[in-house]
Amino acid sequence: MDINSIPVITIDGPSASGKGTIAQLVAKKLGFHYLDSGALYRLVALKALQADINISDENKLAKIAATLDVFFENDQIYLENKLVTDKIRTEECGVMASKLASFPRVRESLIVRQRAFRQPPGLVTDGRDMGSVIFPDALLKVFLTASAEIRAQRRYKQLIEKGINASIVELQRGIQKRDERDSKRSVAPLQQSSDARLLDTTSLSILQAQNCVLEWYRECCTSERV
Ligand code: DC
């Protein structure tokens, strides 16, 4: 089978924009595989924190990325056979992931691993450079965003529901800092590519956003057949 004929939907966007939630829902609806590329960067961060690797040591971080012993099963993530699904979601891992993601060699080490998720019948993936670098031939590319205020409010709600204390002001500050770092790096920066469709979810529900992506996907399939 020609791997390039397997349809891919990429959903890129800033942190806490809801792209993971939407990507997972769309993948479920279509019966497609799902890749959370941010989780890979977070896994490198977790492993680096555990091994006490300096954040400026690009070589060691790239080696961790290249040799990461990870597997994904349903909604769970295992690093070296240990369940780390919640562990990689901490703010510490997110910030570390954002920092090490600016190293070209770290990014390069993760390319093959990410492309391997392209399996029949299709793939939905979310991240920062899914449409621009990893799957440039994706059938549908979405750039999903929302205002920083709304993203902070959504993250706040998630944390409170999990019983974790948080401050909206602090969360918004953290989100804006991460946006800035992810957008300003020289390699694969977070930006809407010219062939990606913009989906601003500031005033949309999860269901509305999901349906919009599904509708766009159907349009892409129809125009491909014509
Ligand atoms: O999507 P996330 O918040 O889980 O991602 C964590 C960090 O990983 C993010 O701040 C930047 C980096 N990342 C990246 O550089 N490229 C991707 N495709 C996904 C994530």
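Rules and cut-offs
- Residues numbered from 1 in each chain as written.
- Predicted model: local features only at pLDDT ≥ 70, side-chain atom pairs only at ≥ 80, totals over all residues.
- Heavy atoms only, no water.
- Helix = DSSP H or I, 4+ residues; strand = E, 2+ residues; numbered from the N terminus.
- Rg over C-alpha atoms; globule rule 2.2 N^0.38 Å.
- Buried < 20%, exposed > 50% of the residue type's maximum accessible area, 1.4 Å probe, protein only.
- Contact = heavy atoms within 4.5 Å.
- Lys, Arg positive; Asp, Glu negative; His and termini not counted.
- Charge placed at Lys NZ, Arg CZ, Asp CG, Glu CD.
- Near = heavy atom within 4 Å.
- Polar contact = N/O pair within 3.5 Å; in protein donor to acceptor, adjacent residues only side chain to side chain.
- Areas by Shrake-Rupley, 256 points an atom, 1.4 Å probe, with all protein chains shown as cover.
- Nonpolar A, V, L, I, M, F, W, Y, C, P; charged D, E, K, R; others polar.
- Pairing = 2+ DSSP bridges.
- Axes fitted to C-alpha atoms, helices over the stretch in contact; angles between N-to-C directions.
- Parallel < 35°, antiparallel > 145°, perpendicular 65-115°, else oblique.
- Left-handed = near helix turned anticlockwise from the far one by under 90°.

A. Seen up close, the overall build of the protein chain. Secondary structure summary: the protein chain contains nine helices and eight strands in total. Its C-alpha atoms give the protein chain a radius of gyration of 17 Å, within 12% of the compact-globule value 17 Å for 226 residues. Summarising its shape, the C-alpha atoms of the protein chain cover approximately 55 × 40 × 35 Å along the three principal directions. Evaluated residue by residue, the protein chain yields a buried proportion of 46% over its 226 residues. Relative to all contacts within the protein chain whose residues are 6 or more apart in sequence, the contacts with residues 24 or more apart total 76%. In the protein chain, which carries 32 positive and 28 negative side-chain charges, the distance between the mean positions of the two groups comes to 2 Å.

B. View of the site of the ligand. Every one of the 17 residues lining the ligand counts as a neighbour, but R42, R107, D129, D182 and R185 are closest to it. A distance of 3.5 Å is found between an oxygen atom of the ligand and a side-chain nitrogen or oxygen belonging to K19. A distance of 2.8 Å separates an oxygen atom of the ligand from a polar atom in the side chain of R107. Here the ligand, which alone exposes 450 Å², has 97% of that area covered by the protein. For the shell around the ligand, the secondary-structure elements that each account for two or more residues are α2 (37-50), α4 (91-100) and α8 (168-184). For the shell around the ligand, the element with the highest residue contribution is α2, accounting for four residues. When grouped by side-chain class, the residues that make up the shell around the ligand number four nonpolar, four polar and nine charged.

C. The sheet that holds strand β5 (residues 82-83), seen in detail. Taken in spatial order, the three strands line up as β3-β4-β5 in an open sheet, and their pairing is antiparallel. Of all strands in the sheet, those bounded by a partner on one side alone are β3 (70-73) and β5. Packed onto the sheet, α2 meets β3 and β4 (76-79) and runs at close to 35° relative to β4.

D. Up close: the sheet that holds strand β2 (residues 33-36). Taken in spatial order, the five strands of this open sheet run β2-β6-β1-β7-β8, and their pairing is parallel. Of all the strands in the sheet, just β2 and β8 (197-200) have a single pairing partner and so form its edges. Averaged over neighbouring strand pairs, the angle between their axes works out to 20° when direction is ignored. One ladder, built from four bridges, connects strand β7 (residues 140-145) with β8; its direction is parallel.

E. Representation of the packing of α2 against helix α3 (residues 58-67) in the model. Between α2 and α3, the shortest axis-to-axis distance is 9 Å and the interhelical angle comes to 120°. Regarding the angle of α2 to α3, the classification is oblique. Where α2 crosses over α3, the two elements pack in a sense that is right-handed. Residue-level inspection shows V44, K47 and A48 of α2 in contact with α3, the latter providing L61, I64 and A65. Across the contact of α2 with α3, the residue classes tally to five nonpolar, no polar and one charged.

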